[in-house]
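A structural walkthrough
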Amino acid sequence: MNPQQYADIGIVALAVALSSHMFGPTAAALIGPYIVILLASTIGASFALARRKKASRFGGVFFFLRVNGLAVLLTVALSAMLADYHASLTVKSTLAPIAFAVGIVGDEWPSVFRWIGSKINAAVDLFIKIRGGGSND
């Protein structure tokens, strides 16, 4: 089996095959990947919901809607960028992991961005120190 055949075996192919019975093959090719995104982000969001303070049912439903909506909006673009960056990856192969990651982060995006910012600051400080440009305090 060549690598292209492996790319066609996976959760996205399964979702497309199963949804083709309901929507037809043409629509299933478009709908199937979004079914995977919603499923993966919902599973991730369930972990994020468990970390949150207890809220009302409406609050939980609203949380899932927000997280799943964000996953639908971001996952395809992030998957395409990642597949462009790494030639060994395909968009289909990265949809579920990225949607799961978006779901599991949930409402913690400010913390994630602060962590990324601290790593960038540390890298810049190290670069300045290596170049010999900073103060010696």
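The structure this text deals with has already been given above.
A brief report on the enclosed structure follows. All values reported here derive from a predicted model rather than from experimental measurement.

What follows covers the overall build of the protein. The helix and strand tally for the protein stands at six helices and zero strands. Taken from the N to the C terminus, the helices and strands of the protein come in the order α-α-α-α-α-α. By the burial criterion, 23% of the 137 residues in the protein qualify as buried. Here the contacts in the protein between residues at least 6 apart in sequence split such that 55% fall between residues at least 24 apart. When the accessible area of the protein is evaluated, it comes to approximately 9,700 Å², of which 70% is carbon and sulfur surface.

Next up on the list: the environment of glycine 103. Inspection of the secondary structure puts glycine 103 in helix α5 (residues 91-105). According to the relative accessible area criterion, glycine 103 is buried, its value standing at 0%. Between the alpha carbons of glycine 103 and phenylalanine 47 there is a distance of 8.1 Å; along the sequence they are 56 residues apart. Here glycine 103 is in contact with Ser41, Gly44, Ala45, Ala48 and Val67, once residues within four sequence places are set aside.

What the rule picks out here adds up to one salt bridge. Note that aspartate 107 and arginine 66 form a salt bridge whose closest N and O atoms lie 2.8 Å from each other. Of the two residues, aspartate 107 sits in the loop between α5 and α6 (109-131) while arginine 66 sits in helix α4 (residues 57-85), which places them 41 residues apart along the sequence.

As a packed pair, helix α3 (residues 25-51) and α4 sit with axes 9 Å apart at the nearest point and diverge in direction by 135 degrees. Here α3 is positioned oblique relative to α4, judged by the angle of their axes. As for how α3 packs across α4, the hand of that crossing is right-handed. Between α3 and α4, the contacting residues are Tyr34, Ile37, Leu38, Ser41, Thr42, Ala45, Ser46, Ala48 and Leu49 on the first element and Gly60, Phe63, Phe64, Val67, Asn68, Ala71, Val72, Thr75 and Val76 on the second. Across the contact of α3 with α4, the residue classes tally to 12 nonpolar, six polar and no charged.

Turning our attention to the packing of aromatic side chains. Tallying each qualifying case throughout the model produces four aromatic pairs. Summarising the aromatic geometry, the rings of phenylalanine 58 and phenylalanine 62 are spaced 6.3 Å apart at their centres and angled 15 degrees between planes, so their arrangement reads as stacked. Here phenylalanine 58 and its partner phenylalanine 62 are both found in helix α4, four residues apart, which amounts to about one turn of the helix. Judged by its relative accessible area of 43%, phenylalanine 62 falls in the partly exposed class. Taking 6.1 Å as the distance between ring centres and 75 degrees as the angle between the ring planes, the aromatic pair formed by phenylalanine 63 and phenylalanine 64 counts as edge-to-face. Residue classification places phenylalanine 63 among the buried residues on the basis of a relative accessible area of 0%.

You can see leucine 14 is positioned in helix α2 (residues 11-23). Relative accessible area serves as the criterion here: at 46%, leucine 14 is assigned to the partly exposed category.

With that out of the way, let us pick up a nonpolar patch on the surface. Where nonpolar side chains cluster on the molecular surface, the patch consists of Phe113, Trp115, Ile116, Ile120, Val124, Phe127 and Ile128 and spans about 720 Å² of accessible area. With respect to the secondary-structure elements, phenylalanine 127 resides in helix α6. Owing to a relative accessible area of 52%, phenylalanine 127 belongs among the exposed residues under this scheme.

What counts, and where the lines are drawn
- Residues numbered from 1 in each chain as written.
- Predicted model: local features only at pLDDT ≥ 70, side-chain atom pairs only at ≥ 80, totals over all residues.
- Heavy atoms only, no water.
- Helix = DSSP H or I, 4+ residues; strand = E, 2+ residues; numbered from the N terminus.
- Buried < 20%, exposed > 50% of the residue type's maximum accessible area, 1.4 Å probe, protein only.
- Contact = heavy atoms within 4.5 Å.
- Areas by Shrake-Rupley, 256 points an atom, 1.4 Å probe, with all protein chains shown as cover.
- Salt bridge = Lys/Arg side-chain N within 4 Å of Asp/Glu carboxyl O.
- Axes fitted to C-alpha atoms, helices over the stretch in contact; angles between N-to-C directions.
- Parallel < 35°, antiparallel > 145°, perpendicular 65-115°, else oblique.
- Left-handed = near helix turned anticlockwise from the far one by under 90°.
- Nonpolar A, V, L, I, M, F, W, Y, C, P; charged D, E, K, R; others polar.
- Phe/Tyr/Trp six-rings, centres within 6.5 Å; stacked < 30°, edge-to-face > 60°.
- Patch = residues over 30% accessible without salt bridge, like charges linked within 9 Å, V, L, I, M, F, W, Y side chains within 5 Å.

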